[in-house]
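Residue-level structural notes
If you want the building blocks of each chain, they are given just below.
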Amino acid sequence: MGLGRPARSRIPPPPRDVTRLIRAGHATTSFALFQAAAAYGFSWLYAQTGGDYPVLFELGGGALVLALAIDLGMALTMRKPQRR
């Protein structure tokens with residue numbers, strides 16, 4: 001009941017740049033695969049350490065510190081555009 005408009009007008013048009021969507025799909029798939037691999041790795045490590053959580057927390061904390069260092073390093077080394 002679109003006041004005389006056909007129902008198909010509610011369907012959005014296809015995107016113009018389909019390759020961008022394909023790349024986004026590959027990025028999402030890669031992220032999911034690496035996240036699953038990390039989960040299996042951490043569960044294996046948990047089983048090998050006899051259920052010792054501190055090892056996992058140390059690795060997670062180290063990853064956070066590394067990510068922060070990379071982020072700060074990139075922010076300091078990136079050139080800022082000059083305003084005119």
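Let us look at the structure shown here. For clarity, every value in this text was computed on a predicted model and none was experimentally measured.

Criteria and cut-off values
- Residues numbered from 1 in each chain as written.
- Predicted model: local features only at pLDDT ≥ 70, side-chain atom pairs only at ≥ 80, totals over all residues.
- Heavy atoms only, no water.
- Helix = DSSP H or I, 4+ residues; strand = E, 2+ residues; numbered from the N terminus.
- Buried < 20%, exposed > 50% of the residue type's maximum accessible area, 1.4 Å probe, protein only.
- Areas by Shrake-Rupley, 256 points an atom, 1.4 Å probe, with all protein chains shown as cover.
- Patch = residues over 30% accessible without salt bridge, like charges linked within 9 Å, V, L, I, M, F, W, Y side chains within 5 Å.
- Salt bridge = Lys/Arg side-chain N within 4 Å of Asp/Glu carboxyl O.
- Phe/Tyr/Trp six-rings, centres within 6.5 Å; stacked < 30°, edge-to-face > 60°.

Once that is clear, we can look at the overall build of the chain. Looking only at helices and strands, the chain has two helices and zero strands in total. The buried share among the 84 residues of the chain stands at 2%. Accessible surface, the chain: about 8400 Å² in total, of which carbon and sulfur atoms supply 67%.

A separate point is a nonpolar patch on the surface. Taken together, the side chains of Leu66, Ile70, Met74 and Met78 define a hydrophobic patch exposed on the protein surface, amounting to about 420 Å² of accessible area. Along the chain, Met78 falls in the segment after α2 (53-77). On the basis of relative accessible area, Met78 is assigned to the exposed category, the value being 52%.

Another aspect to go through is the packing of aromatic side chains. Under the defined criterion, the tally for this structure stands at two aromatic pairs. Ring centres 5.1 Å apart and planes at 45° place the aromatic pair Tyr46 and Tyr53 in the tilted group. Given a relative accessible area of 47%, Tyr53 falls into the partly exposed group. On the numbers, 6.2 Å between centres and 40° between planes, the contact of Tyr53 with Phe57 is tilted. With Tyr53 and Phe57 both in helix α2 and four residues apart, the pair spans about one turn of that helix.

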